[in-house]
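# Descriptive structure summary
Each chain, written out:
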Amino acid sequence: MGLKGKQLPTKSQQTHCLIFHSRIHLLHPMAMATGRLLILLLQLSFLFNNLVAKQSSPADHHHHHDHRRGSHGRPDKYNNSTSNPRLQQAYIALQAWKRVIYSDPNKFTSNWVGPSVCSYSGVYCSAALDDPKIKVVAGIDLNHGNIAGFLPDDLGLLTDLALLHLNSNRFCGIIPESFANLTLLFELDISNNRFVGPFPSVVLSLPTLKFLDIRFNEFEGALPPDVFNRGLDAIFVNNNLFTSVIPSSFGASGASVVVFANNMLGGCLPPSIANLADSLEELLLFNTSLTGCLPQEIGFLYKLRVLDVSYNKVVGTLPYSIAGLAHLEQLVLGHNMMTGNIPEGICILPNLMNFTYSYNFFCEEEGICRNMTANGIKYDDRRNCLPGKPLQRSKKECEAVYKHPVDCLDHHCSSGAAIAAVPAASPLASPPIHS
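A quick note: this is a predicted structure, and the numbers were derived from the prediction, not measured.

## Some remarks on the overall build of the protein chain
Assigned secondary structure in the protein chain consists of 7 helices and 22 strands. Out of the 435 residues belonging to the protein chain, those deemed buried represent 53%. Put simply, 54% of the contacts in the protein chain that link residues at least 6 apart link residues at least 24 apart. Accessible surface, the protein chain: about 19100 Å² in total, of which carbon and sulfur atoms supply 58%.

Written out as structure tokens, the structure is:
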């Protein structure tokens, strides 16, 4: 790619950058662990390359203070972009980016000066995958920088990038189509910014991408079905403005963590969720306008540890198949329209720590479910139709729902279609913002 001059933002991008409201973003534990691991790998790779270079070049080893050396003790021919075409491309990209950064209160990018890009704050270099003798920019981590600006097309020059972390900044605008050139990108985290537009489909063309985190932005429209056909291991799309329904391709993803929460997706969970049995560990769907019944196939997810479908319009009974989820730790069903019994088999799950089913219409708790505290389980059964329990719904509210029972066997979720929900007898409380 040739050199590019200064790229100015469009008028809409400039306007959007000015309208920023700060939000609190709590990074998912898996995201933090994965990010730390990748950064550690990059750093170890860099240190190993340094050691090899020093052992193979005695002259280099005895002249640590040579002014011609780069900031990491390597000769300039490794660090300096003037003799390394890939670092030269990275220099062009990073300087173009710096020109469209309009606020950097923590001076995160203040040392982005000169061609030695491997010494830039937040920039990590390592040996190229196709040629260990060549150093390349393999990772960029600007997390929690509070930086305002946008992403220029020139970032497509960073073709060796494996990790890009930009969470908790004030970047705005859209994701450039030039990201299609980042064919080695493994992890992309642009969460908690001000990005807009439809789902950034360009990321679905990246062949090695495994971790996608675009939560806490203002993306809108439908989730493309292809997002579940790309072998992603972690999918975080919560707290955006996505609409339509959960795609029927959902079961094809093979992901271990899926978070849809705080969108307006609607529809129901398709039976194809059973296809995630060998991978899915965490599924968070709270406040997504989810309707219909929970499918019995949810009991096939034998690795599942967290299931949260609270603050939706889920109806019908609780699938007894959930009693087979031996690894389940968190089961959160609050603020729905579910009916029937709480099966004892669920309450005695060996790893269960929290079971919340408040603000539904359950009418009976079986056996030990009446007092799970004895087993060290935190539970919340308020505002149901449980006889003899305090803080329950009125008889009138309960009768209004049980006059119109939903038989989940007569209804099947197909391609995101929804079962009509029974109107609640009283308004549900507004959901909190989860992270």
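That covers the picture; the talk isn't over yet.
## Remarks on the sheet that holds strand 15 (residues 291-292)
Strands sit in the order 15-17-19-21 across an open sheet of 4 strands; the sheet is parallel. Strands at the two margins of the open sheet, each flanked by one partner only, are strand 15 and strand 21 (361-365). Contacts from helix 7 (residues 395-402) reach strand 19 (337-342) and strand 21, with the element oriented near 100° to strand 21.

## A short note on helix 7
Buried within helix 7 we find Glu-397, Cys-398 and Val-401. Take helix 7 and look down its axis: the buried residues cluster within an arc of 95°, on one side only. Of the exposed residues in helix 7, the ones pointing more than 90 degrees away from its buried face are Lys-395 and Lys-396. Here the buried face of helix 7 lies against strand 19 and strand 21.

## Structural notes on the nonpolar core
Trp-97, Phe-199, Phe-250, Phe-260, Leu-318 and Phe-355 are the most contacted members of the largest nonpolar core, which has 89 residues in total. Elements represented by at least two residues in this core include exactly helix 5 (85-99), strand 2 (123-127), strand 3 (135-141), strand 19 and helix 6 (344-347). Considering every element that reaches this core, the biggest residue donor is helix 5, with 6 residues. The contacts of Leu-318, once residues within four sequence positions are left out, are Leu-294, Leu-333, Met-338, Thr-339, Asn-341, Ile-342, Pro-343, Ile-346, Phe-355 and Phe-362.

## Some thoughts on the packing of aromatic side chains
Here the structure, examined in full by the defined rule, presents 11 aromatic pairs. Ring centres 5.5 Å apart and planes at 80° place the aromatic pair Phe-228 and Phe-250 in the edge-to-face group. Placement of the pair is Phe-228 in the loop between strand 10 (218-222) and strand 11 (234-236) and Phe-250 in the loop between strand 12 (241-243) and strand 13 (257-259), with a sequence separation of 22 residues. Here the two residues Phe-228 and Phe-250 agree in accessibility, since each one is buried.

## A short note on the side chain of Ser-249
Assignment of secondary structure puts Ser-249 in the loop between strand 12 and strand 13. Among the polar contacts made by the side chain of Ser-249, one reaches the main-chain carbonyl oxygen of Pro-225 at a distance of 2.9 Å. When neighbours within four sequence positions are excluded, Ser-249 is seen to be in contact with Pro-225, Phe-228 and Asn-229.

## Remarks on the pattern of salt bridges
In this structure the tally under the stated criterion is 14 salt bridges. One salt bridge in this structure joins Arg-393 and Glu-397, with 3.4 Å as the shortest N-O distance. For the pair shown, Arg-393 and Glu-397 are each scored as buried. One salt-bridge network, in which partners are shared between bridges, spans Glu-281, Glu-282, Arg-305 and Glu-329.

Cut-off values and rules
- Residues numbered from 1 in each chain as written.
- Predicted model: local features only at pLDDT ≥ 70, side-chain atom pairs only at ≥ 80, totals over all residues.
- Heavy atoms only, no water.
- Helix = DSSP H or I, 4+ residues; strand = E, 2+ residues; numbered from the N terminus.
- Buried < 20%, exposed > 50% of the residue type's maximum accessible area, 1.4 Å probe, protein only.
- Contact = heavy atoms within 4.5 Å.
- Areas by Shrake-Rupley, 256 points an atom, 1.4 Å probe, with all protein chains shown as cover.
- Pairing = 2+ DSSP bridges.
- Axes fitted to C-alpha atoms, helices over the stretch in contact; angles between N-to-C directions.
- Arc of directions from axis to C-beta.
- Core = buried A, V, L, I, M, F, W, Y, C linked by side-chain atoms within 4.5 Å.
- Phe/Tyr/Trp six-rings, centres within 6.5 Å; stacked < 30°, edge-to-face > 60°.
- Polar contact = N/O pair within 3.5 Å; in protein donor to acceptor, adjacent residues only side chain to side chain.
- Salt bridge = Lys/Arg side-chain N within 4 Å of Asp/Glu carboxyl O.

Nothing here speaks to function; it is all geometry.
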